[in-house]
Structure formats: structure tokens, C-alpha cells
Amino acid sequence: MNRGKMNIAIKLDLLIFMVCTVVFGLAALAGQPVTLPVFIFTVLAVIATVHFTLSRKVLYPLRQFIEIADKVADGNVSDGLNDLKISELEEVQGSFTKIVGNLIESRMVIEDYIRAIGEMNKELEKKVDSLSVLYSASQNMGGSLNVDTLIRNLINTFTDRLAISGAAIMLYNDKSDLVSIKDLLGISPELFARFRFYSDNQILVNIFDEKGFWKPSEQEQNLMVAEFETNEVRALKLFMPMRIKDHFVGLVVLSGKKDKTDFTEPEIQLMQAIVGLASTSINNAMLFEHSETTKNELDHKVFNLMTLQQSGKVLSSTLDLKELINISIDMFLETVWSNKGILMLFSDDRPELEVKAFKGMSHEEVLELKKDAAETWAMTTIEKEKRPILAQELGTRSSYQSYSTVNRNLPFAVYIPMLKEGELYGVVKVGPKINGESFTENDLEFFSTLSSQAVIAFENARLYSLAITDSITKLYVHRYFQLRLDEEVARSRRYNSTISLLMCDIDHFKLINDNYGHQQGDLILKEISKILRKNVRNTDIAARYGGEEFAIILPETTQADAKIVAERIRRDVSQCEFPSIIPGQPPLKCSISIGVAGFPLNADSKDQLIQKADSSLYRAKDMGRNKVILCGTD
């Protein structure tokens, strides 16, 4: 009996505690929280009151009734009946009835509370999910400064977390005033090319209204279909602006939900919050990329300026045209990290461009370019427009597509004209960069400046060459010969080296002029000068001394070696058949006499060296011509 009462009391206490907990929990949710001491005191007070009431109104009468029943069961009926009071039994019944009624009423209240709590839990779950999506979006938006990565993360947030069937991100370019798609998912890629518009388009007017978003009606979708000439725009159901105060960043465009239901107000509010986060992140990333681009451009320009400064020094360090051409082609290629190129200049005697230097190509490949229709078309365009042109620009022109170059790739990535006073002086062709990057406007600007420097250097070298070169033979003139011989004698004294000097004279040249004319004589001079250049080294100096006389300086060459060179020249001249300027006339024959002298073997000064070599030359003349005579040995 006592154990039963104890169980009932425990269950009753637990029930009272649960009811009190629910009540105070609801009070906390309603914004009226109760402190812990008050809560404990209240629970204990309620339990004590219930215990007292049950003990007084139920347990005490029930205990009396059980005692009477025990007496009757033991046979003491009279005693039991005397103790029995009907009124008290009725009181017991009434107490039980009240208790049962209160319990039933409490159960209904508790069920109502439980239902309310369930609804509140559902709302809380939705809010927790929204907060989770917002948190995830903020993590994704704050984890990168790459625009493409941020846009892809934003699209994935809409399609994966919010169950949107498709999303597209459009960005605004303030330079072109154009709004165009940067990336999309679940929407037709056709919109990449078609769905773009300027900032004065009605779409933006509709979006920037009081709602902060735009859901186009069927009539508005029909207008978009007509404007953008594609039925794919019907898939676009919701437009939301990306902006920071008055700064317009772009648009978020969404298709319908995957469950085909309409967008609710809480869902739109959540998406607007996400778009707000994305607007800041994407704008910051765009500013960062712009600053990085600007920094890189500035670095590139500084590098180009330093390169131009250095190139100016290098190009002014020599007046040798061949050396300048090789330096220039290297500069054009190395500065932009290319390993293939050609430098062409107009020839003095022929009004057409000739290849003067090439890198990264074989001689056969260079010759094949003359047969390439695409290359011919590119060169024609350069001669006409006279500005640096990228191959990708040339390839997109309708005139190129209609030409016979269709399906032909241009062999070079950029074509740079070399201009002198607005006229074409030459052309430099540069292959693609070895790192795969495209050429930029900065590269073209650099090429233009470098080509101008190169043209000035080439012209200076050409003018200098004219000043020191004989116009007929293309050999050095007498004055330059004297300067160089002074230098070589001084160097020979300083380093204790030897010099050999060859003095050459064409035999009976006056008779050739008298019999065949001076034009025939000039032709023979040109041909003999070619023989001289063919038989000397790059370090040797071949000059026209005067009239039909030639002088050749052979640095660091002994008399024995000089005689070998002289004999080779004499032999080649005597065996050569010089063409006649008169049609039908047979070729002419000619010979040359050569005197050889050495320093310091035969002379102590420059003038004495010339005199010794000249004396040897006249000895060769006296001995019958067409001979080589060495000073002091023959």
C-alpha cells in the first residue's frame, strides 16, 4: 500500500514538474523569462499544495473508509457501521471527480501546448536552415578574391542549397556600359551571346523598384523574347540586383524552383540577403583584380621603359648594320618571351622587302612563307594600314575570311611595321609567346616604340655606311682605310701582334675603260670587289684605295698567311669571266697584281707599311703583272 502510494506520488510529482516546465518554457519564448530560484520555489509550492490537498481531501477519507471496510471484513459490522459517514464518502467521490476532471483538462492544455511547440519548432527549423544557408554563403563569399570562383560558389548556393533549377550571374562593365552574363548553370548557354543589354534597358528599370526584385509577367517575357530573339529567356523567373548603395555591380537571374512551386516571401528575403553578401564580395574581388591588373600593367610598362632605355643604349653602341639587325630581332623576341620571328627591310637596290634576320625557323621555312597566301594577305594589310596588328584581329576580318586564306592559320602572332617618316621601312613578325599568353595593347605600344628606335639606329648605320663605303665597289673608302690602319698599327704595338697589308691593282685597267667604256670598267670593279670580300674575314678591312687600286688590312696575320690570301684573290680574278655590258659580246678576262708587306717585320709606322706594300705591288707590275710579291722576300 505504502509502495503504491509512493509510486503515485512520484508520478504525480513528475507530471506537475513537466506541466510547470512547459508553462515556464512558453513564458521564456514569449519574452517573459523566469529566474531559476523562482522556478524551483514555484514547483515546490505547487507540489506541496497538491500533496496537501490530496492528503486532506482524498487520502484521509479513503484511509477511514479502508479502516471501516477492514472492521466489516473482520466481523465487527456494528463498529464499522457506526464509523461510516456517508457524507465523507461523497466528499471522497467528489474529490476524485475533481481530480480526474483537472487531469483531463490539464492533458488537453498540455496537448495544445505541445502542438504550439511543434509549430514553433518547425518555424525555428526553417530559420535555422536559413541561417545555415546564410552562414555557408558568407563562408563561400569570404573565402576568395577570384571573381570566377565567387560567382561559381554563388550559383552553387542557389542551385544546391536553395533547390533552384538554374541560375545566372550578370556583371556590369562601366567602360562598355554593358550588362552581360559571366557564368550560368541550369540555363541555356545560348544566353551567353544573346542576353546582354545596356544600363538604360527597361529590365533594369523594372528591377530597381521598391520591391528590390522583379518577377516578369508573361507579357514582359514576350517582350524579352522579341528583344533578345530567343525563347530561352522565358526560363528566367526572378531578377535581383547586385549593388552596394548606389554602385551597380550586376544581376542575379534565377529560373524556377526544382519543386515547381512559386517563390515565397521568406525565400525571396533569404535570397536577397545572400545577394547582398555576394554583391560586396564580388565587388571587392573585381576591385582587387582591377588593382592587380593595373599593377601588372604598370609593372609591365616600367619593364618596357627600362627595356627601351637599355635597347637605346645597345642600339647606339654600334654602327654595323648587320649587328644592329641581329640585336633588334633578339630584343623583339626576348622582351615578350617569344622564340620565333623575322625581321625584313627594304633592299637598297630592289624595292621589295627582304628577310634580313630570323629566329626559331629554318631557312626552308622562311622560303615557304613566300608561298603562304595567309602570310601574303597579312603583309598586304600591314603595308596598307602601317600599324601593329595582331593575328587574331586579322583572322576575324571578313576580308580575310573571303580571301583564299580560309582555314589557314597565320604563321605569326603579331606583325609590326617599321616606319620612317610615315613610310614603310621594314616589318618585324613575332611568333606566339612561349608561356601561352596573348599579346596586349601594351605589347603593341612597346613594339611601336622599339621599332622606331631600331629604324633610327638602322638609318644611322646606313648613313655611316654610305660615308665610309665606296658607292661602286661597296668597299670601305680611302679615308676609312687610313683610320682603321692607324688603329690596327696602334693595337699591334700594344699587344705585340702582326699586321699584313695587301695593295692590289687591276692590270691594264685603263685599256678596259678606253676600249669598252667606263660603265664596263665600273662593272669589273664591282665584280672584283665581290671576289675580295669573298676571300677575306669579317675582321679584315677591304677598301678601295683609289681608281683601280684596292687595299686590304689583315690583322694578326703573318706574311706567309697573307700570301695565301693574296694568291687566292689573284687566282680567282684571273679565272673570272667578267660579263660584257654589250649584248652578244663575249665575257672579258682580267688580272690583278698584289704587293704584300707586314708590320713590324717590314715597317716601323703606318706610312712606311703602305709604302712597302706599294713598292711590292709595283715590283709585281714590273715583273709582268698577275703576280703576288712579298716585301723583303721576293
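Computed from a predicted structure; not experimentally measured.

Cut-off values and rules
Residues numbered from 1 in each chain as written. Predicted model: local features only at pLDDT ≥ 70, side-chain atom pairs only at ≥ 80, totals over all residues. Heavy atoms only, no water. Buried < 20%, exposed > 50% of the residue type's maximum accessible area, 1.4 Å probe, protein only. Helix = DSSP H or I, 4+ residues; strand = E, 2+ residues; numbered from the N terminus. Pairing = 2+ DSSP bridges. Contact = heavy atoms within 4.5 Å. Axes fitted to C-alpha atoms, helices over the stretch in contact; angles between N-to-C directions. Parallel < 35°, antiparallel > 145°, perpendicular 65-115°, else oblique. Nonpolar A, V, L, I, M, F, W, Y, C, P; charged D, E, K, R; others polar. Patch = residues over 30% accessible without salt bridge, like charges linked within 9 Å, V, L, I, M, F, W, Y side chains within 5 Å. Areas by Shrake-Rupley, 256 points an atom, 1.4 Å probe, with all protein chains shown as cover. Salt bridge = Lys/Arg side-chain N within 4 Å of Asp/Glu carboxyl O.

Asker: Sorry, what's going on with the pairing of strand S13 (residues 549-555) here?
Answerer: Regular strands place side chains that alternate from one sheet face to the opposite one. Among the seven residues in S13, seven count as buried, and that is most of the element. Alternating residues of S13 divide into Glu549, Ala551, Ile553 and Pro555 and Phe550, Ile552 and Leu554, and every residue in both groups is buried. Strand direction decides the pairing type here: strand S11 (residues 499-506) and S13, joined by seven bridges, are antiparallel. What sits directly across from methionine 503, in S13, is alanine 551. Here strand S12 (residues 541-546) runs beside S13; their pairing, made up of five bridges, is antiparallel. Residue pairing for S13: alanine 542 is matched across the bridge by isoleucine 552.

Asker: I keep staring at the side chain of lysine 433 and nothing clicks. Help me out?
Answerer: By the element assignment, lysine 433 lies in the loop between strand S10 (423-430) and helix H15 (441-468). Apart from residues no more than four positions distant in its own chain, lysine 433 is found in contact with Val336, Trp337, Ser338, Ser438, Phe439 and Asp443.

Asker: Looking at this structure, how should I read the packing of helix H10 (residues 321-335) against H15?
Answerer: In a pair of packed helices, the angle between the axes and the distance between the axes together describe the arrangement. With their axes 10 Å apart at the nearest point, H10 and H15 run at an angle of 175 degrees to one another. Classed by the angle they form, the pair H10 and H15 counts as roughly antiparallel. Residue-level inspection shows Leu321, Leu324, Ile325, Ser328, Met331, Phe332 and Thr335 of H10 in contact with H15, the latter providing Phe446, Phe447, Leu450, Ser451, Ala454, Ala457, Phe458 and Ala461. Here the contact of H10 with H15 is composed, by residue class, of 12 nonpolar, three polar and no charged.

Asker: Help me understand a nonpolar patch on the surface in this model?
Answerer: Residues Leu36, Ile40 and Leu44 make up a contiguous nonpolar surface patch of roughly 310 Å² in combined accessible area. Looking at where isoleucine 40 falls in the secondary structure, it is placed in helix H2 (residues 36-74).

Asker: What exactly am I supposed to notice about the pattern of salt bridges here?
Answerer: Opposite charge on two side chains permits them to pair, given that their charged atoms come into close proximity. Inspection of the entire model under this criterion finds 28 salt bridges. Residue aspartate 262 is joined to lysine 215 by a salt bridge in which the shortest nitrogen-to-oxygen separation is 3.4 Å. Placement of the pair is aspartate 262 in the loop between strand S5 (247-254) and helix H9 (265-315) and lysine 215 in the loop between helix H7 (202-207) and helix H8 (218-228), with a sequence separation of 47 residues. Its salt-bridge partner being lysine 429, residue glutamate 375 comes within 2.4 Å of it at the nearest N-O pair. Placement of glutamate 375 in helix H12 (residues 373-385) and of lysine 429 in strand S10 is noted, with a sequence separation of 54 residues between them. Given the relative accessible area of 4%, lysine 429 is considered buried. Each member of the salt-bridge network shares a partner with another, and the members are Arg484, Glu487, Glu488 and Arg491.

Asker: What exactly am I supposed to notice about the pairing of strand S1 (residues 167-173) here?
Answerer: With respect to burial, S1 is a largely interior element, six of its seven residues being buried. By the bridge criterion, seven bridges tie S1 to strand S2 (residues 178-185) in an arrangement that is antiparallel. Directly across from alanine 167, in S2, lies its bridge partner leucine 185. Once S1 ends, the chain turns through four residues before running back antiparallel as S2, passing aspartate 177 with a positive phi of about 60 degrees.

Asker: Help me understand the sheet that holds S1 in this model?
Answerer: Sheet strands line up and pair through hydrogen bonds in the backbone, either parallel or antiparallel. Strand order in the open sheet made by the five strands is S3-S2-S1-S5-S4, with antiparallel pairing throughout. For this open sheet the edge positions go to strand S3 (196-198) and strand S4 (238-244), each flanked by a neighbour on one side alone. The mean inter-strand angle of the sheet, taken between neighbouring strand axes irrespective of direction, is 25 degrees. Pairing of S2 with S3 involves three bridges; the strand directions are antiparallel. Bridged to serine 180 within S3 is arginine 196. Sheet contacts for helix H5 (residues 147-161): S1, S2, S4 and S5; angle to S2, the most-contacted strand, approximately 60 degrees.

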